[in-house]
Amino acid sequence: MSKTLLIIKPDATERNLIGHVINRLEKARFTVADIRMVHLTDQQARKFYAVHEGKPFLDSLVAFMTSGRVVPMLLEKDNAVEDLRALIGATNPEKAACGTIRDEIGRDIEKNSVHASDSDENAATEIGFFFGPDAI
Ligand code: CMP
């Protein structure tokens, strides 16, 4: 069993899609091991997305991620990181494979409804960010 982190982003929480996303995750055999609802501060969002420092989309991304509630959750499954990336689809919903979560509910490359860790190493960092070192 391995772990990863998913965040339901403000564009999805504001459309009352939290239950829908969790349903998709559970149908795909992910276990929700922990969950929170947070309104991120500017500082928290910049720290979470520090890997994107210097990218042209960072300021807009931070404004979006602090615009409403987000729902980070700790997910468990065999091959969790890779399987979750496949389930959510490409960053740009227009390019996401048919039937993926971003294809289904994503709005655009920024308001793409969900974030998922892209490696085991980043999953550990991101899980620690929201759920503390004991959750890793
Ligand atoms: P996420 O998987 O959370 O990782 C970084 C986020 O930046 C991404 O999803 C999008 O919400 C946002 N973003 C906006 N523009 C871009 C872009 N051109 N390339 C990658 N990510 C982008």
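For the structure, see preceding data.
Since this is a predicted model, take the numbers as computed values, not measurements. Each chain has its residues counted from 1, running along the sequence as written. The predicted nature of this model means local features are confined to residues of pLDDT at least 70 and side-chain atom pairs, given and counted, to a pLDDT of 80 or more, with totals for whole chains, interfaces and linings taken over all residues. Note: side-chain values were computed over all heavy atoms of the structure, leaving out hydrogens and water.

Enquirer: Would you mind going over the side chain of Arg102 in detail, with residue names and values included?
Expert: Looking at the element boundaries, Arg102 is found in helix H6 (residues 101-105). Here Ala90 takes part through its backbone oxygen, which lies 3.5 Å from a polar atom of the side chain of Arg102. The contact criterion used is simple: two residues touch if any of their non-hydrogen atoms lie within 4.5 Å. Those residues in contact with Arg102 that sit more than four places away from it in its chain are Ile88, Gly89, Ala90, Thr91, Pro93, Ala96, Asn112, Val114 and His115. Elements are defined by DSSP. Helices are runs of H or I of four residues or more, strands are runs of E of two residues or more, and each kind is numbered from the N terminus. Whenever a nitrogen or oxygen atom comes within 3.5 Å of another N or O atom, the pair is scored as a polar contact, on the condition that within protein one atom can donate a hydrogen and the other can accept it, and that pairs from neighbouring residues in sequence are kept only if both atoms are in side chains.

Enquirer: Any chance you could break down the packing of aromatic side chains for me, citing the residues and the numbers?
Expert: Two rings from Phe, Tyr or Trp (for Trp, the six-membered ring) form a pair when their centres are within 6.5 Å of each other. A pair whose planes differ by under 30 degrees is stacked, one over 60 is edge-to-face, and the rest are tilted. Summed over the entire model, instances satisfying the criterion amount to 4 aromatic pairs. For the ring pair Phe48 and Tyr49, a centre distance of 5.0 Å and an interplane angle of 85° mean the geometry is edge-to-face. Both residues of the pair, Phe48 and Tyr49, belong to the buried class. Look at Phe48 and Phe130: their rings are 5.5 Å apart centre to centre, the planes differ by 50°, and that puts the pair in the tilted class. Residue Phe48 is located in helix H3 (residues 42-48), and its partner Phe130 is located in helix H7 (residues 120-131); the two are separated by 82 residues in the primary sequence. In this pair, the class of Phe48 matches that of Phe130, namely buried. Through successive ring pairs, a cluster of aromatic residues spans Phe48, Tyr49, Phe129 and Phe130. To sit over a ring, a charge needs its Lys NZ or Arg CZ within 6 Å of the ring centre and within 35 degrees of the ring normal. Positioned above the aromatic ring of Phe30 is the side chain of Lys77, whose terminal nitrogen or guanidinium carbon lies 5.6 Å from the ring centre. The ring of Phe64 carries Lys111 above its face, with NZ or CZ at 5.1 Å from the centroid. Burial classes: relative accessible area under 20% of the type maximum marks a residue as buried, over 50% as exposed, and values in between as partly exposed (1.4 Å probe, protein chains only).

Enquirer: Which residues make up the site of the ligand, and what values go with them?
Expert: Working definition: residue near molecule or strand if any one of its non-hydrogen atoms lies within 4 Å of it. Lining the immediate surroundings of the ligand are Lys9, Tyr49, His52, Phe57, Leu61, Thr91, Arg102, Ile109, Glu110, Asn112 and His115. Note that an oxygen atom of the ligand is positioned 2.6 Å from one of the side-chain N or O atoms of Tyr49. His115 places a side-chain nitrogen or oxygen 2.9 Å from an oxygen atom of the ligand. Every accessible area reported is derived by Shrake-Rupley at a probe size of 1.4 Å, with residue values counting cover from the shown protein chains alone. Relative to its unbound accessible surface of 450 Å², the ligand loses 80% to contact with the protein. Looking at the shell around the ligand residue by residue, the class counts come to 4 nonpolar, 4 polar and 3 charged. For this scheme, ten residues count as nonpolar: Ala, Val, Leu, Ile, Met, Phe, Trp, Tyr, Cys and Pro. Four count as charged, namely Asp, Glu, Lys and Arg, and the remainder, Gly too, count as polar.

Enquirer: Could you give me a rundown of the environment of Arg15, with the residues and numbers involved?
Expert: Its place among the elements puts Arg15 in the loop between helix H1 (10-13) and helix H2 (18-27). Separated by 90 residues in the primary sequence, Arg15 and Ile105 place their C-alpha atoms 9.8 Å from one another. Residue contacts for Arg15: discarding those within four places in its chain leaves Ile105, Arg107 and Ser113. A polar contact is formed between the side chain of Arg15 and the side chain of Asp11, at a distance of 2.7 Å.

Enquirer: Got a sec to walk through the environment of Met1? Specific residues and values, please.
Expert: When you line up the elements, Met1 lands in the segment before strand E1 (2-8). A relative accessible area of 71% places Met1 in the exposed class. Remark: the alpha-carbon pair of Met1 and Lys77, spanning 76 residues in sequence, is separated by 5.1 Å. Ignoring any residue separated from it by four or fewer positions in sequence, one finds Met1 in contact with Glu76, Lys77 and Asp78.

Functional significance is not addressed by these values, which are geometric in nature.
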